[in-house]
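Each chain, letter by letter, is given below.
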Amino acid sequence: MPCQFEPSILLSILRKPLTTYLTGIIRAGPGGTYGPGAVRHPKVLLVTEGGLEYAIGGHVARLKAGSMFFRPTLSTASWRADEKAGMSLIFAEFEVQTTPMPDHALWTDELDLAVEHAALSRVRRASLDPDRGALLEAEAEMKAIFTRFFRKAIRIPATPSATRNGGERAVREAMAILNERFADAGVVADLHERVRMSRDHFRRVFKRTTGHSPQQYLLRVRIESARAYLHNSNLSVKEVARAVGYDDPLYFSRLYSTRVGRAPSEERARRPATTENKDR
């Protein structure tokens, strides 16, 4: 069915600040697979070569070169590349401040592949540049992509069995709790009780659904949140460590360096030049 995307929501997206968190290119050989995996932020993907079967919300979308796909917040998905041609895609994870995004998957194959590939490539280059002007270019480019995409996108409905899947609903609830309470020391310990499951069953369902243990997912949320603090606040590294749940700043710095590949102080140096660095 056509996407009944409210013009008021699109207008809000165009007016509100947009942050691109992660961009990348994924390639897979014939029959290559991924998942299940979870995302914390909404995600747009464009298939540039080959094709794949993309499973999300109990439905499998068959995507080809030129297909663009929207994946909502807290969704889990898996995919299999074309058995003969493999696949290549480019993606961007983002967030629009205080604006609700669609909670279901959308896709279209009616856009111009060359135009959208060039646009997402510019977003990718700009998002890797700490210069404030480049970040603004990336924001404007993403909003232009949304405007074109949402005019053509159609909704991918979930099957009845998927909508009745209590395990999937519990995992989504748990992910939302981890996103909100990530700085709490005991957030994982009582998570199974909050979603009304036994500890062992919850861990199995969470791992099967997201591809991560609850503790691994929490670590990912904390690292992403720390990166946002380092880019967008004047908190010291010690204060950032405490804000994301670590009392020991040295342990936090080692953990961040291992996961990201650079120290928190190096990350701070990459933020927009217009933000005054008061780190100490």
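None of the values given here were measured: they were computed from a predicted structure.

Attention now moves to the overall build of the protein. Within the protein, the regular secondary structure consists of 11 helices and 9 strands. Of all 280 residues assigned to the protein, the portion counted as buried reaches 46%. Pairs at least 24 apart in sequence give 75% of the contacts found in the protein among residues at least 6 apart. Accessible surface, the protein as shown: approximately 14100 Å² in total, 50% of it carbon and sulfur.

Counted according to the given criterion, the structure contains 14 salt bridges. Among the ionic pairs, Glu-267 bridges to Arg-227, the shortest N-O distance being 3.9 Å. With Glu-267 in helix α11 (residues 264-269) and Arg-227 in helix α8 (residues 214-232), this pair connects stretches of sequence that are 40 residues apart. For Glu-267, a relative accessible area of 0% gives the class buried. One salt-bridge network, in which partners are shared between bridges, spans Lys-43, Glu-93, Arg-220 and Glu-224.

The subject of this paragraph is the confidence of the model for the protein. In the predicted model, the protein carries a mean pLDDT of 83, and the fraction of residues at 70 or more is 88%. Within the protein, the element-level pLDDT minimum falls on helix α4 (residues 160-163), averaging 41, and the maximum on helix α9 (residues 237-243), averaging 94. Within the model, pLDDT remains below 50 along residues 159-164, and this stretch shows 7 contacts once partners closer than five positions in the same chain are excluded. Contacts from residues 273-280, a stretch scored under 50 in pLDDT, to residues over four places away or in other chains number 16 contacts.

A separate point is the pairing of strand β4 (residues 59-64). A regular strand places its side chains so that they alternate between the two faces of the sheet. As paired elements, strand β3 (residues 43-56) and β4 share 6 bridges and run antiparallel to each other. The partner of Leu-52 across the bridge, within β4, is Leu-63. The antiparallel hairpin formed by β3 and β4 contains 2 residues in its connecting segment, where Gly-57 sits at a positive phi of about 60°.

About the criteria used
- The numbering scheme is per chain: residues are counted from 1 as the chain's sequence reads.
- With pLDDT at 70 or above as the cut-off, local features in this predicted model cover only qualifying residues; side-chain atom pairs require 80 or more to be listed or tallied, and sums for whole chains, interfaces and linings still use all residues.
- Heavy atoms from the whole structure form the basis of all side-chain values; hydrogens and water molecules are not counted.
- By the criteria applied, helices consist of DSSP H or I runs no shorter than four residues and strands consist of E runs no shorter than two, each listed in order from the N terminus.
- Note on exposure labels: buried denotes an accessible area under 20% of the residue type's maximum, exposed denotes more than 50%, and partly exposed covers the range between, all computed with a 1.4 Å probe on protein chains only.
- The criterion used for residue contact is that any of the two residues' heavy atoms lie within 4.5 Å.
- A 1.4 Å probe and the Shrake-Rupley method give the accessible areas. Residues count as covered only by the protein chains that appear here.
- Each salt bridge in this description consists of a side-chain nitrogen of Lys or Arg and a carboxyl oxygen of Asp or Glu lying within 4 Å of one another.
- The pLDDT score gives, residue by residue, the confidence of the prediction method on a 0 to 100 scale.
- One bridge is not enough; two strands pair if DSSP finds at least two bridges between them.

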